[in-house]
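Commentary on secondary and tertiary structure
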Amino acid sequence: MEKKYSVRKRNCMIVTLTILVLILTIIFIRIVTQEKIILEYSEEYVAIAELPSQLSFTYYEEEEWRDKLKEINQGKNLNGKLTFKKLELLLKQLSVQNYITYSKEAAWKNVTRSQWNMIYEQILDLLDSNNQVSVANLVFLTEESKELEDGQNLQRLTQKGFYEVAEGVNYFHTYDMYQVYLKDNKIIGINSEYKKTLTLENVFVHTTKNEKADILYEHEQLSLDIEGLTEEITDTICDVEWKDSKVTAIYKKEDMITGKVLSFNDKQIEISGYGTLKHSGTLKIYKTYGTVEELDESKLVIGNLQADFVVAKKQVCGIILKEPAFIETIRVLLLNEESGQYHENPFFVADVNGIISIGDKTEPIIANQPIAASAYFTEESDYVKLTLEDEKGRIYFSDEAGAHKSLGYRGTFEIRRYPEGYGVVNELSLEQYLYGVVPSEMPASYERDALCVQAVCARSYACIQLMKNDYAALGAHVDDSTNYQVYRKQEETPETNLAVDDTVGEVIKYQDEIAEAYFFSTSCGYTGNMGLWNTVEGDRNAYLQGVSLLSDGKELDISNEEIFTEFIKNKKVEAYDSDSPYFRWKAKLQVEQKMEVLNAAIATRANANRSNVQIVKKDGTAGSEGDLAGFGTVQNISVGERGAGGGIRRLDILYENGSVNLFTEYNVRYVLGAISTKVTDKDNNPVDMKLLPSAYCAIIPTKKGYTLYGGGYGHGIGMGQNGANGMAKAGMKYTEILMKFYQDISIENIYNEE
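Here is a short report on the structure shown in this document. (Residues numbered from 1 in each chain as written. Predicted model: local features only at pLDDT ≥ 70, side-chain atom pairs only at ≥ 80, totals over all residues. Heavy atoms only, no water.)

A word on a negative patch on the surface. On the surface, a cluster of negative charge is contributed by Glu 61, Glu 64, Asp 67 and Glu 71. Along the chain, the position of Glu 71 falls in helix α3 (residues 62-72). (Patch = residues over 30% accessible without salt bridge, like charges linked within 9 Å, V, L, I, M, F, W, Y side chains within 5 Å. Areas by Shrake-Rupley, 256 points an atom, 1.4 Å probe, with all protein chains shown as cover. Salt bridge = Lys/Arg side-chain N within 4 Å of Asp/Glu carboxyl O. Lys, Arg positive; Asp, Glu negative; His and termini not counted. Charge placed at Lys NZ, Arg CZ, Asp CG, Glu CD. Helix = DSSP H or I, 4+ residues; strand = E, 2+ residues; numbered from the N terminus.)

Here we come to the packing of aromatic side chains. This structure, assessed with the given rule, holds 29 aromatic pairs. Aromatic pair Tyr 60 and Trp 65: ring centres 5.4 Å apart, planes at 80 degrees, arrangement edge-to-face. Judged by relative accessible area, Tyr 60 falls into the partly exposed class, the value being 23%. Ring geometry for Phe 348 against Phe 397: centres 5.2 Å apart, planes inclined by 45 degrees, an arrangement best described as tilted. On the criterion of sequence distance, the pair formed by Phe 348 in strand β20 (residues 347-350) and Phe 397 in strand β25 (residues 395-398) is long-range, its members being 49 residues apart. For the pair shown, Phe 348 and Phe 397 are each scored as buried. Here Lys 287 stacks its cationic end above the ring of Tyr 289, 4.7 Å away from the centre of that ring. Just above the ring of Tyr 709 sits the side chain of Lys 569; from NZ or CZ to the centre is 4.8 Å. (Phe/Tyr/Trp six-rings, centres within 6.5 Å; stacked < 30°, edge-to-face > 60°. Buried < 20%, exposed > 50% of the residue type's maximum accessible area, 1.4 Å probe, protein only. Lys NZ or Arg CZ within 6 Å of the ring centre and 35° of its normal.)

What follows concerns the nonpolar core. Core analysis: the biggest nonpolar cluster contains 94 residues, and Phe 348, Leu 386, Phe 413, Ile 415, Tyr 433 and Tyr 742 have the highest contact counts within it. Broken down by element, this core gets its largest block of residues, 12 residues, from helix α7 (residues 448-466). The residues touching Ile 415, leaving out its near neighbours within four places in the chain, are Phe 348, Ala 373, Phe 377, Asp 382, Tyr 383, Val 384, Leu 386, Tyr 422, Gly 423 and Val 424. Among the nonpolar cores identified, the runner-up in size contains 35 residues, and Ile 602, Ala 606, Ile 699 and Tyr 706 belong to it. (Core = buried A, V, L, I, M, F, W, Y, C linked by side-chain atoms within 4.5 Å. Contact = heavy atoms within 4.5 Å.)

Reading across the sheet, the seven strands line up as β22-β21-β24-β26-β27-β19-β28 and stay open at both edges, with mixed pairing between neighbours. Each edge of the open sheet is held by one strand with a lone partner, namely β22 (361-365) and β28 (478-479). Note that strand β21 (residues 354-358) and β22 share five bridges and pair antiparallel. Bridged to Ser 357 within β22 is Thr 362. (Pairing = 2+ DSSP bridges.)

Turning to the sheet that holds strand β30 (residues 513-514), a few remarks are in order. An order of β30-β29-β41 is seen for the three strands of this open sheet, with the pairing classed as antiparallel. Of all strands in the sheet, those with a lone pairing partner are β30 and β41 (746-749), marking the two edges. As defined by bridge partners, strand β29 (residues 506-510) adjoins β41 across four bridges and the pair is classed as antiparallel. Bridge pairing in β41 links Val 507 to Glu 748. The strands touched by α7 are β29 and β30; relative to β29, the strand with the most contacts, the crossing angle is about 65 degrees. (Axes fitted to C-alpha atoms, helices over the stretch in contact; angles between N-to-C directions.)

Taken as a whole, the largest pocket spans an internal volume of roughly 1400 Å³. The wall of the largest pocket is formed by 40 residues, among which Lys 299, Cys 463, Met 467, Glu 513 and Ile 514 lie closest to the centre. When residues of the lining of the largest pocket are traced back to their parent elements, those giving at least two are β16 (293-295), α7, β29 and β30. Here the residues of the lining of the largest pocket are counted per class, giving 21 nonpolar, five polar and 14 charged. Taken as a whole, the second largest pocket encloses approximately 1000 Å³ of empty space. If you trace the second largest pocket, you find 38 residues lining it, with Glu 270, Gly 275, Thr 276, Asp 382 and Tyr 383 closest to the centre. Listing elements by their share of the lining of the second largest pocket, those giving two or more residues are β12 (256-264), β13 (268-271), β14 (275-279), β21, β22, β24 (383-388) and β26 (412-418). (1 Å grid on protein atoms, 1.4 Å probe; cavity = no way out; pocket = protein on both sides within 12 Å on 5 of 7 lines; lining within 4 Å. Points joined across faces, edges and corners; volume = space filled by probe spheres on them. Nonpolar A, V, L, I, M, F, W, Y, C, P; charged D, E, K, R; others polar.)

Moving on, we get to the pattern of salt bridges. As enumerated under the stated definition, the model contains 36 salt bridges in all. Between Lys 322 and Asp 308 there is a salt bridge whose closest N-O contact spans 2.9 Å. Taken as a pair, Lys 322 in the loop between β18 (315-321) and β19 (329-333) and Asp 308 in strand β17 (residues 306-312) lie far apart in primary sequence, 14 residues in all. Its salt-bridge partner being Glu 561, residue Arg 642 comes within 2.7 Å of it at the nearest N-O pair. Residue Arg 642 is found in strand β34 (residues 634-642), and its partner Glu 561 is found in helix α9 (residues 561-569); the two are separated by 81 residues along the sequence. Residue class for Glu 561 comes out partly exposed when judged on its relative accessible area of 34%. Salt bridges sharing partners connect three or more residues here, namely Glu 62, Glu 63, Arg 66, Glu 164, Glu 167 and Lys 186.

Attention shifts here to unusual backbone geometry. The backbone of Asn 202 shows a phi angle near 55 degrees, a positive value even though the residue is not glycine. If you trace the backbone, Asn 202 turns up in strand β7 (residues 198-209). Although it is not a glycine, Thr 664 adopts a positive phi angle of roughly 80 degrees. Residue placement: Thr 664 occurs in the loop between β36 (658-663) and α11 (665-674). Exposure remark for Thr 664: the relative accessible area of 7% places this residue in the buried category.

Our next topic: the environment of Ile 514. Structurally, Ile 514 can be placed in strand β30. Under the relative-accessibility criterion, Ile 514 is labelled partly exposed at 23%. Here the alpha-carbon distance between Ile 514 and Met 118, two residues 396 residues apart in the chain, equals 60 Å. Leaving out residues up to four positions away in the same chain, Ile 514 has contacts with Ser 460, Cys 463, Ile 464, Val 507, Ile 508, Lys 509 and Ile 750.

Once that is clear, we can look at the packing of α7 against helix α8 (residues 494-502). For the pair α7 and α8, interaxial distance at closest approach is 8 Å and the crossing angle is 60 degrees. With respect to their mutual orientation, α7 and α8 come out oblique. In this structure, the crossing between α7 and α8 has a hand that is right-handed. Residues Arg 448, Leu 451, Cys 452, Ala 455 and Arg 459 of α7 form the contact with α8, whose own contacting residues are Glu 495, Thr 496, Ala 499, Val 500 and Asp 502. Considered class by class, the residues forming the contact of α7 with α8 number five nonpolar, one polar and four charged. (Parallel < 35°, antiparallel > 145°, perpendicular 65-115°, else oblique. Left-handed = near helix turned anticlockwise from the far one by under 90°.)

Let's shift gears to the side chain of Lys 253. Turning to its location among the elements, Lys 253 is positioned in the loop between β11 (246-252) and β12. Assessed through its relative accessible area of 15%, Lys 253 is described here as buried. Side chain to side chain, Lys 253 and Asp 239 meet in a polar contact 3.3 Å long. Ignoring anything within four residues of it in the chain, the contact list for Lys 253 reads Asn 202, Thr 236, Ile 237, Cys 238, Asp 239, Val 310, Ala 312 and Cys 317. (Polar contact = N/O pair within 3.5 Å; in protein donor to acceptor, adjacent residues only side chain to side chain.)

Quick look at the structure:
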């Protein structure tokens, strides 16, 4: 009897111990699991580390939520999984516990992803009043994240481009497909795996081989695994499909047209011979010559680049460049009489016969008969082109009777109709364009080598503008005003045309790139550098250094205010451009009498570029142009900083209740010019201009205000035209003159390049 009892007792103890061990094991596993860093996605749970980013649209930022969730996670780190107990604490933290409905389970149980998603959607409905969070279906194309320039954020490449990824949700592997939550182009959470088909549209396929496709996408070179792929595809645009985390299909886009880009904007592109077609919003451009790579829109040189355009559903899907642009032509937007971009009702006349092209139709141009542009536009056609039969012919703006209202233009005219009016573009060869620029920018009476200098500078400047696409939406590279280079405001002359012909194709290069050849009229005896434009001086613009133009070769330390003042007052200084009447000038400032004018001028420049106008209140805090009226009267105007060559880099204006610091030579000229009177040149002749001749000046206080002693005309950076003429008179060749103004350059021919 006692033995039976002992056996029963022992068995009971064994069972009890077994249960106890099992419980302790579960607790131990639970603790270990809670502490474990979650590295993989699961439908069975949601990691605590995922939550800070998902909740960042609420009261707290992501970093603040990290601290809050550590408290909820019993003061531990963010490792482990979300349980129902922690969910309850989280909802209380959000103050939504009374508004969220869900099936409660044991406190220690994990909240599954589907359960959390139902709760999260309710949180969004309650708290995301600005709809900050959205949903996207993505396939991930790379295994690793790409680090941004700031070295902190990570980006992952998907079929919809790059997305920043929150730290706690970066579970993604190549070809993983998920539905994710987004906020500000950042993946902040994962809803679920995505099981349907996803498509990468309009991707460039370089080659296909051995069941792989080498593609270019978002400037990345990727190799896609495509089981069963046998088709050979080379250098074209395709769509690629994924399903169940595998590439299941690749569709080649067959339709292709060839032509030149005439204009483009963010919605459509105009192609020679085909008219205007829509595109996806971002032009996809790929070059296949040399290194195969994806290019941005800045490389799409309008009018000079033959390209293949892949088209589907009347939309351009991609552009393929098989050869580099050969600079043959330039396209000039001809401004109206008020320097506006559009003409109200333009008339033209040609001195020889030609053809008017309206879409696929043509009509004759009869010499000396006026052409009303408006008569040739239809509902189907917003583009008209005038082409002459004889290259010696010219096209003119005219009145209704055919009387000339402009000089004659070489090349062709393209007229486009816009809601604002008619845009007129003159297309012609680069060299013919320079025939119209050189005499408009430099007097034909200047020395031959000076004219050659101007031709090389003008050609270099034009080539740079060809690559910028400033006027791509209007089908042009540049306009005909001082915004770029003055064009066709003076007649061509044999002397200026000869300078263009003698330097044909020549440009200045710095570090193997065409250099922007800035030029101006007259120096004060020195030129400046990019600091005058409040631009960082670095390797890219190191060819633009301040140089001395003193004919005796001496150099003064004009950074010293006293030495500069003495220098700029001296009308007897001998320099290569000292014959110019603007070599020295003088002006009076009326400050008290023109306070409103002064404040208005400062406000205008602040609105144009706030970074170059600093308005400071009396307490040292930042102000705005609206505060100027309360600043009171001006107490002092002084030079805050001079740049190389003596130009004012910063002008300081001290008021009773604040101050203004003006940066850039243009701002100095604009503001001081607004309150200046009695501007006279070197010979004491009056000068009528609103803009001060230059920022190379000394500011001398007087009893009635200030007197400015200045020198030079223009911004003072790069080549001085009158200085170039003086050097040419002294026997210097145009190549020597260029190398004097621009440091460490070479002179090369764009037409000799491979």
